[in-house]
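The lines below spell out each chain.
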Amino acid sequence: MPGEVLGVPRRRTRSVCVVEAGAAPPAERPEPRREEAVETLRYALNGFLSAIRADRAGRAGSIDADADAARYRLLATLADELDLDNDRLGRVLGLPPAAVRDLLDVHGREGLVEAVRAGRGRGGSVARLTPAGRRELYRLDALFRESWESAFADLPAEELRTAARVLSRLSGVLIPSR
């Protein structure tokens, strides 16, 4: 099954400085099974990140690749954040201003977003969801929820909660707080 860890990674050998005083106290040495489990998690995460990089590299030349996911990100961002101008919307989505303009133009022609005057005395305009845009967001959300539910249907709820805690903790490892 894709994404499944198919064994324990081979351990790398490390040079260790031998201290004449004897072995380290038991409290300083992690238990072997736990150390192996953490190493397996690290190995699986590296495989996951490699898959993401490979997927992004494969999509680099394709504008239409995974249009539903890009559409969902735009619509969900507009639903969550009010008064984002194009520059701020681009920063949130990780897109250059020209790509944001193109996305908004396409979705505007489809009636999913509209430009409105910015509030709070600011000049310019911001994009907002239309009622049709909200319906499309709900449709895509249901589609993605169904996909995720079927992908993890064989796992018990407690394992899913544990996975969520692990991913949350991994976020802190990958992007440490300052």
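Residues numbered from 1 in each chain as written. Predicted model: local features only at pLDDT ≥ 70, side-chain atom pairs only at ≥ 80, totals over all residues. Heavy atoms only, no water.

Turning our attention to the confidence of the model for the protein chain. It should be kept in mind that the predicted coordinates are not to be read in detail where pLDDT is low. Per-residue pLDDT for the protein chain averages 78, and the proportion of residues at 70 or more is 74%. Within the protein chain, the lowest mean pLDDT, 81, falls on helix H1 (residues 32–59), and the highest, 93, falls on helix H5 (residues 131–151). Per-residue pLDDT stays below 50 along residues 6–21; that stretch engages in 7 contacts with residues further than four places along the chain or on separate chains. (pLDDT = per-residue confidence, 0-100. Helix = DSSP H or I, 4+ residues; strand = E, 2+ residues; numbered from the N terminus. Contact = heavy atoms within 4.5 Å.)

Empty space within the second largest pocket amounts to approximately 340 Å³. Lining the second largest pocket we find Arg 34, Ala 37, Val 38, Leu 41, Arg 42, Leu 45, Thr 162, Arg 165, Val 166, Arg 169, Leu 170 and Val 173. Those elements giving two or more residues to the lining of the second largest pocket turn out to be H1 and helix H6 (157–174). The residue inventory of the lining of the second largest pocket, partitioned by class, reads 7 nonpolar, 1 polar and 4 charged. (1 Å grid on protein atoms, 1.4 Å probe; cavity = no way out; pocket = protein on both sides within 12 Å on 5 of 7 lines; lining within 4 Å. Points joined across faces, edges and corners; volume = space filled by probe spheres on them. Nonpolar A, V, L, I, M, F, W, Y, C, P; charged D, E, K, R; others polar.)

In the structure shown here, the tally under the stated rule is 2 aromatic pairs. Ring centres 5.2 Å apart and planes at 90° place the aromatic pair Tyr 72 and Phe 144 in the edge-to-face group. Here Phe 144 lies in helix H5 and Tyr 72 lies in helix H2 (residues 67–80), a separation of 72 residues in the sequence. Taking 5.6 Å as the distance between ring centres and 40° as the angle between the ring planes, the aromatic pair formed by Trp 148 and Phe 152 counts as tilted. The class of Trp 148 is exposed, set by a relative accessible area of 58%. (Phe/Tyr/Trp six-rings, centres within 6.5 Å; stacked < 30°, edge-to-face > 60°. Buried < 20%, exposed > 50% of the residue type's maximum accessible area, 1.4 Å probe, protein only.)

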